[in-house]
Structure formats: C-alpha cells, structure tokens
Amino acid sequence: MSIEVLPDAEALALRAADVFALAARAAAAARGRFAAALSGGDTPRALYRLLARQQFAQKIPWRRVLLYWGDERCVPPDDPASNYGAAYDAFIRHVPIAPENVHRMEGERDPEAAALAYEETLRALAKLERPASPVPVFDLVLLGLGRDGHTASLFPHSPALDEEDRFCVATVAPDGAARLTLTVPVINAARRVVFLVSGAEKAGIVAEVLEGLRAPDAVPAQAVAPAKGQMLWLLDTAAAAELSPALRG
C-alpha cells in the first residue's frame, strides 16, 4: 500500500488524472485493453473533468478503454444523482470512446434484476483474461470513502460485505435508498485500487481506516486489500490531517 498526500483537492485531481492515464497506457500496451471501474461522489468529478482536457485526453488510448462502475444509485441515467450521468457529463461525452465500451449499471431497473444483468457483463470481462479468470480483473478501480467508512456502496454491517460468490449485488444505503455495488472479491482482484479522498471532514475516518483497529464489518473500506494488485491512497492535506507523521510522510 502507498499513500500520497497532495497539497489540496486540485493537486489531488491532477495526480489522479496522471495515474489514470499512465495505467491506461500500460494496460493497453500489455493486454490490448484498459478496464477501469469508476467511482461516484464529489471528489472524482474534478478528475473526470480533467480527463476530457487535451493535456490528458491525448495521452489516453480511448479506443482501448473499457469503462465500468463500482456502484450506482438506483435512478435513471439522466438523474442528477446518477454516477454514470456525472461521469458522462464530465468526460465520457467529450472523448472518443466507443459507446459499446461504456458499461453502466442500469439503475433504472429493478435492483436485483440490474445486479444480475451487471453480473453477466462482469463475467464477459473475466473471460477476456488469458487464461479466463474466475472473477473479473480490473486494471484500475477508483474508490471514494464515506464518513461512515463505506466505499463503493458497501455500507457498515451490510450483508453485501459477506458476499463471496456474486460480482454485483443490490444493497440499501443507510437512508433507505436502493444501490448497486461491486462486491469485495471483485475489488480485491483488481491490478490497482486507488482511493481518492479530500476534505477535513474525512480526516477522522481516513485515520480510522488506515491506523485504527481492524473491523471491516464496521469500517468497510478496511476490507479492500488487493490480493495481487497495488493499492494507492491519494489524499489532500486536509484529509490526511489526523494520520500519524509516519504515514503522512
């Protein structure tokens, strides 16, 4: 695991865009494709806007990019709360990616039916590995962190945290809203997982995830531990404020 502390949210987004572009080029060169699972929330939006800018867009082999989502709210794609909709408006509509390479979760469907449909999409990704993999293998999974320690839509004490066989499940947020989420085994099969966290309001939970007592049922982000891949935490100074000097350094 690596931790990088950036001066502010803008610097964090710039570093994340660099990581995305470098990972895309490396994966496309090695395997002919770059499969990325995107995150929702506010912090990644600055990254997504950067991906549409020429300085980054021209560095990314868009025709070899496959986009997926780590989670989704159960709303139509044009709803302001849609994770897909946010990414589409910020960068997807501005770059030369093939529509068939954009694999959104269908939040407007019945949640269980949508989860099963996405399961099939993920099985197709698993078959692209040589040899075929029992689980889908993402080149990059982007994750955020909630104040309660959730990541993707894996919430504290949710049954979804214990799922070992499914790749995508329907779940419920603390406010009662239906969600779709990748499961822990899928996230942990990725070649690289990157957490993006900014803001002073996240400092306490960042410290709890990284230095607190291990309790992934209560702090779901602690369940993220790639089996063979790399994990990188990108934090701004405010979000890293409560980490020990050793980790901040």
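Here, residues in each chain are numbered from 1, in the same order as that chain's written sequence. A pLDDT threshold of at least 70 governs which residues receive local features in this predicted model, and a stricter bar of 80 or more applies before side-chain atom pairs are shown or counted, although totals over entire chains, interfaces and linings include all residues. Where side-chain values are given, they derive from all heavy atoms of the structure, hydrogens and water being excluded.

## Here we look at the nonpolar core
Where we set the bar: In plain words, nonpolar cores are sets of buried Ala, Val, Leu, Ile, Met, Phe, Trp, Tyr and Cys residues tied together by side-chain atoms within 4.5 Å. The buried label applies to any residue whose accessible area, calculated with a 1.4 Å probe on protein chains only, is under 20% of its type's maximum; exposed applies above 50%, and partly exposed to all values in between. Only DSSP runs of H or I covering at least 4 residues are called helices, and only runs of E covering at least 2 are called strands; the numbering of each starts at the N terminus. Residues count as neighbours in contact if any of their non-hydrogen atoms are within 4.5 Å of one another.
Ranked by internal contacts, the top residues of the largest apolar core, which has 85 residues, are Phe20, Trp62, Leu67, Trp69, Phe91 and Phe138. Tallying contributions element by element places helix 1 (residues 9-31) first for this core, with eleven residues. Aside from chain neighbours lying at most four places away, what touches phenylalanine 138 is Ala35, Ala36, Ala37, Tyr68, Leu122, Leu125, Leu182, Val186, Ala190, Arg191 and Arg192.

## Comments concerning helix 4 (residues 83-90)
The test is simple: Pairing of N or O atoms within 3.5 Å defines a polar contact, subject to two protein rules: one partner must be a possible hydrogen donor and the other a possible acceptor, and residues neighboring in sequence count only if both atoms are side-chain atoms.
Taking burial as the measure, the eight residues of helix 4 include six buried ones, the bulk of the element. Within the span of helix 4, buried status applies to Asn83, Tyr84, Gly85, Ala86, Ala87 and Ala90. On the buried face of helix 4, the contacting elements are strand 2 (34-38), helix 2 (43-51), strand 3 (65-69) and strand 4 (71-73). Of the residues flanking the start of helix 4, the one acting as N-cap is serine 82, its side-chain oxygen 3.3 Å from the backbone nitrogen of tyrosine 84.

## A closer look at unusual backbone geometry
Put simply, arginine 130 and proline 131 share a cis peptide bond, and its omega is 0°. Considering the arrangement of structural elements, one finds proline 131 in the loop between helix 5 (111-127) and strand 5 (140-143). With a phi close to 50°, alanine 152 is a non-glycine residue in the positive phi region. Here alanine 152 shows up in the loop between strand 5 and strand 6 (168-172). Among the residues examined, alanine 152 registers a relative accessible area of 12% and is labelled buried. For histidine 157, which is not a glycine, the phi torsion comes out positive at approximately 65°. Classification of histidine 157 as exposed rests on a relative accessible area of 56%.

## Brief notes about helix 7 (residues 203-211)
When we look at burial in helix 7, the residues that qualify are Ala203, Ile205, Val206, Ala207, Val209 and Leu210. As for helix 7, its buried residues are in contact with strand 1 (2-6), strand 8 (192-197), strand 9 (230-236) and helix 8 (245-248).

## A word on the pairing of strand 8
Just so we agree on the cut-off: Between any two strands, pairing holds if DSSP finds at least two bridges. Note on handedness: a clockwise path from strand one over the helix to strand two, with the strands aimed away from the viewer, defines a right-handed crossover.
Within strand 8, five of the six residues are buried, which leaves it mostly tucked inside the rest of the structure. Sheet topology places strand 8 next to strand 9; six bridges connect them, and they run parallel. The residue of strand 9 that forms the bridge with valine 194 is leucine 232. Handedness of the crossover joining strand 8 and strand 9 through helix 7: right-handed.

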